[in-house]
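So the chains spell out like this:
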Amino acid sequence: MFTSPGAIALKTPFFSIYWYGIILAVAFLVGQFIVLTLAKKEYNDKSTIDHIYEIAFWALICGIVGARLYYVILGFDYYSAHLPEIIMVQNGGLSIHGGLIGGILGTIFYCKNKKIDFFKYADLYALGLPIAQSIGRWGNFFNSEAFGLPTNLPWGVYIPLNNRPIDLALYEYFHPTFLYESLWDIFIFVILFFILKKYFFKKQGVLFFSYLILYSIGRIFIECIRTDSVLNLFGIPVAIIVCFLTIIVSVVALRYVTNCKSE
């Protein structure tokens, strides 16, 4: 069993640096490095590399805004009464689903404006995103959030009393669901990079929709043991509903792109 060292990496009289921010920055840089490395290998032209840098900027901005906006909207009852906390992203509260939606929309708008193929770049980022997410999930560890039900397993994580749900306050150790998702993201990368990329890289869109399907499948199972669902609809966490919808749309889209002729 293990315990988080705390959310603050460095504290000064003037400001604090949070592990959450450091880890997200590392996640972004590593993911971007993977995308650039693949682009240089598969395309090796200056135009593609330039577009990747610009997409990274817009996708990052739109992704952060989308991640926070999505989380705040789902938790509107709380944030409507605590307005100053809306901008306190250092305390967590960035939804991956919101980040994906924001990042995808930002990339679509950029590609449409530049008149370039969205799926070409979506496939490249589909190979970088799983590793970035795998690293980023460890921000939850330092914030003592995104954990699951109580457990006595050796890898249970200690959660401070003030972070525990009220009805589980007597328990100390919980499932590290952030760890489960981190490992699942690595598995997704292995499947996409070592198997699907080999056979389907030229069929643009296959890697992107496969990533969405694989991530959603894992998230459904992980969400079933999480304790921090921001919003439930008919007793079902909204994240599970979004995952099911994502799978349905992606399967239909995947069927279409796999039937298209390779370039």
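Each remark here, short or long, concerns the structure printed above.
Since we're looking at a predicted model, the values are computed, not measured.

**Looking at the nonpolar core**
- Core analysis: the largest hydrophobic core is formed by 39 residues, its most contacted members being Ile52, Ile55, Leu124, Leu192, Leu207, Phe209 and Tyr211.
- Per element, the largest residue contribution to this core is nine residues, and it comes from helix H8 (residues 206-223).
- One finds Ile23, Phe147, Leu168 and Phe178 within the second-largest nonpolar core, a separate group that totals ten residues.

**Thoughts on the sheet that holds strand S4 (residues 157-158)**
- A sheet is described by the order of its strands in space; here three strands give the open sequence S1-S4-S5, paired in mixed fashion. Each edge of the open sheet is held by one strand with a lone partner, namely strand S1 (2-3) and strand S5 (173-174).
- Bridge analysis of S1 against S4 gives two bridges, and the strand direction is parallel. Within S4, the position partnered with threonine 3 by the bridge is tyrosine 158.

**Things to note about helix H4 (residues 96-114)**
- Between its terminal C-alpha atoms H4 stretches 26 Å, which fits the 27 Å expected from 19 residues at 1.5 Å a residue.
- In the core, the buried residues of H4 are packed alongside helix H2 (46-74), helix H5 (118-136), helix H7 (177-200), H8 and helix H9 (238-258).
- Residue serine 95 occupies the N-cap position of H4, its side-chain oxygen lying 3.3 Å from the main-chain nitrogen of histidine 97.
- A positive phi of about 60° marks lysine 115, the residue just after H4.

Reading the values: rules and limits
- Residues numbered from 1 in each chain as written.
- Predicted model: local features only at pLDDT ≥ 70, side-chain atom pairs only at ≥ 80, totals over all residues.
- Heavy atoms only, no water.
- Core = buried A, V, L, I, M, F, W, Y, C linked by side-chain atoms within 4.5 Å.
- Buried < 20%, exposed > 50% of the residue type's maximum accessible area, 1.4 Å probe, protein only.
- Helix = DSSP H or I, 4+ residues; strand = E, 2+ residues; numbered from the N terminus.
- Pairing = 2+ DSSP bridges.
- Expected span 1.5 Å × (residues − 1).
- Contact = heavy atoms within 4.5 Å.
- Polar contact = N/O pair within 3.5 Å; in protein donor to acceptor, adjacent residues only side chain to side chain.

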